[in-house]
Amino acid sequence: DQQVKQNSPSLSVQEGRISILNCDYTNSMFDYFLWYKKYPAEGPTFLISISSIKDKNEDGRFTVFLNKSAKHLSLHIVPSQPGDSAVYFCAAEPRNTDKLIFGTGTRLQVFP
Amino acid sequence: NAGVMQNPRHLVRRRGQEARLRCSPMKGHSHVYWYRQLPEEGLKFMVYLQKENIIDESGMPKERFSAEFPKEGPSILRIQQVVRGDSAAYFCASSLDRGLGNTIYFGEGSWLTVV
């Protein structure tokens, strides 16, 4: 069962515009949600997280929104830059565990 | 990713051989996690270890896979009698304390290819 879903395998955005990456989840017992960025042949790098008791967290160009009623979160990148081109993974941390549940990723391409 | 060292970065094994993947956590970290990424999929949790203890191995396949994190030396993920389906990227992560994904630092991964 896929508890964390990223339904868009890819996204193409022009430089300077907003990138919106989406993630849906099925389990209400997640304490934290996180976004990771991954380049080919490298490990994931933490970007930003949000507690399940919040609905927004912002860090520079990155903002994560959490809609608990819809079990949906999104990552906004604005303005998008070519260096943002990577695969973005949504992840969730179940309550009282030490593991992360990852989505399948969305490949973002930012073109000039 | 700096600090969590994995080796080998690439490993080729024939079916039936053994694969050993090593992970040295960041300095001062005593919590180690192993994740596996199959082609076109997200990362899947395998095991969480602290020094000399397996805390959660709920993601480990029941057979052929084992993990250890000895008092001295790196954490080892061992896969016996490899099969083609074991071909994947294996990522190690470490943390200073338990909990909160943003304190988990990933290594660059070990790519296993079974031929």
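For clarity, every value in this text was computed on a predicted model and none was experimentally measured.

Cut-offs applied
Residues numbered from 1 in each chain as written. Chains lettered and ligands numbered in written order. Predicted model: local features only at pLDDT ≥ 70, side-chain atom pairs only at ≥ 80, totals over all residues. Heavy atoms only, no water. Pairing = 2+ DSSP bridges. Helix = DSSP H or I, 4+ residues; strand = E, 2+ residues; numbered from the N terminus. Axes fitted to C-alpha atoms, helices over the stretch in contact; angles between N-to-C directions. Contact = heavy atoms within 4.5 Å. Buried area = accessible area lost by both parts, 1.4 Å probe. Salt bridge = Lys/Arg side-chain N within 4 Å of Asp/Glu carboxyl O. Polar contact = N/O pair within 3.5 Å; in protein donor to acceptor, adjacent residues only side chain to side chain. Nonpolar A, V, L, I, M, F, W, Y, C, P; charged D, E, K, R; others polar. Patch = residues over 30% accessible without salt bridge, like charges linked within 9 Å, V, L, I, M, F, W, Y side chains within 5 Å. Areas by Shrake-Rupley, 256 points an atom, 1.4 Å probe, with all protein chains shown as cover. Buried < 20%, exposed > 50% of the residue type's maximum accessible area, 1.4 Å probe, protein only. Disulfide = S-S within 2.5 Å.

Student: Help me understand the sheet that holds strand S3 (residues 19-24) of chain B, please; the structure alone is not making it clear to me.
Tutor: One key point about sheets: their strands pair by backbone hydrogen bonds, in either a parallel or an antiparallel sense. Residues and elements named next belong to chain B. Spatial ordering of the open sheet is given by S1-S3-S8-S7, a layout of four strands whose pairing is antiparallel. Looking at which strands have only one partner, the edges of the open sheet turn out to be strand S1 (5-7) and strand S7 (65-68). Pairs of neighbouring strands in the sheet enclose a mean axial angle of 15°, with direction left out of account. Sheet analysis places S3 next to strand S8 (residues 75-79), joined by five bridges and oriented antiparallel. In the sheet register, Ala19 faces S8, and the bridge partner there is Ile79.

Student: Quick question: what am I supposed to make of the interface of chain A and chain B here?
Tutor: One frequently used descriptor of interface size is the decrease in accessible area upon assembly of the parts. Taken residue by residue, the interface counts 20 residues in chain A and 24 residues in chain B. Carbon and sulfur atoms supply 55% of the area buried between chain A and chain B, which totals about 1,800 Å² over both sides. Between B:Asp56 and A:Lys99 there is a salt bridge, with its nearest N and O atoms 3.9 Å apart. At the junction of chain A with chain B, the criterion picks out three residue pairs in polar contact (both at pLDDT 80 or more). For the side of chain A that touches chain B, the leading source of residues is strand S4 (residues 30-38) of chain A, giving four residues. When the residues that make up the side of chain A that touches chain B are grouped by side-chain class, the tally is nine nonpolar, six polar and five charged.

Student: Please clarify how a nonpolar patch on the surface should be interpreted in this entry.
Tutor: Judged by side-chain polarity, A:Ile18, A:Ile20 and A:Val78 come together as a nonpolar surface patch covering roughly 230 Å² of accessible area. Here A:Val78 is to be found in the loop between strand S8 (72-77) and strand S9 (86-94).

Student: Is there a simple way to explain the pattern of salt bridges in this structure?
Tutor: It is possible for side chains of opposite charge to pair when their charged atoms get near one another. Residues and elements named next belong to chain A. Evaluated as defined, the whole model comprises eight salt bridges over all chains. Ionic pairing is found between Arg95 and Asp31, a salt bridge with its closest N-O pair at 3.0 Å. With Arg95 in the loop between S9 and strand S10 (101-102) and Asp31 in strand S4, this residue pair connects regions lying 64 residues apart in the sequence. Relative accessible area serves as the criterion here: at 36%, Arg95 is assigned to the partly exposed category. When its relative accessible area of 25% is taken as the criterion, Asp31 is described as partly exposed.

Student: Can you walk me through the environment of A:Ala92 in this structure?
Tutor: Residues and elements named next belong to chain A. Assignment of secondary structure puts Ala92 in strand S9. On the basis of relative accessible area, Ala92 is assigned to the buried category, the value being 0%. Ala92 sits 42 residues away from Ile50 along the chain, and the two C-alpha atoms are 9.7 Å apart. Beyond its immediate sequence surroundings of up to four residues, Ala92 is in contact with Val4, Phe30, Tyr32, Phe33, Lys99, Leu100 and Ile101.

Student: Mind showing me how you'd approach the environment of A:Lys56 here?
Tutor: Checked against the element boundaries, A:Lys56 lands in strand S6 (residues 56-59). The exposure class assigned to A:Lys56 is partly exposed, which follows from its relative accessible area of 43%.

Student: Mind showing me how you'd approach the state of the cysteines here?
Tutor: What is meant by a disulfide is a covalent connection between two cysteines, made through their sulfur atoms. Scanning the model with the defined rule gives two disulfides over all chains in all. Shown here is the disulfide that connects A:Cys23 with A:Cys90, its sulfur atoms set 2.0 Å apart. Every disulfide takes its handedness from the sign of the S-S torsion; for A:Cys23 and A:Cys90 that torsion is -70°, giving left-handed. One end of the pair, A:Cys23, is in strand S3 (residues 19-25); the other, A:Cys90, is in strand S9, with 67 residues separating them in the sequence. Residue class for A:Cys23 comes out buried when judged on its relative accessible area of 0%. The class for A:Cys90 is buried, based on a relative accessible area of 0%. Residue pairing for B:Cys23: its cysteine sulfur links by disulfide to B:Cys92, the two sulfurs lying 1.8 Å apart. Between B:Cys23 and B:Cys92 the sulfur-sulfur dihedral comes to about -60°; the bridge is accordingly left-handed. In this pair, B:Cys23 sits in strand S3 while B:Cys92 sits in strand S9 (residues 88-95), placing the two residues 69 residues apart along the sequence. Both residues of the pair, B:Cys23 and B:Cys92, belong to the buried class.

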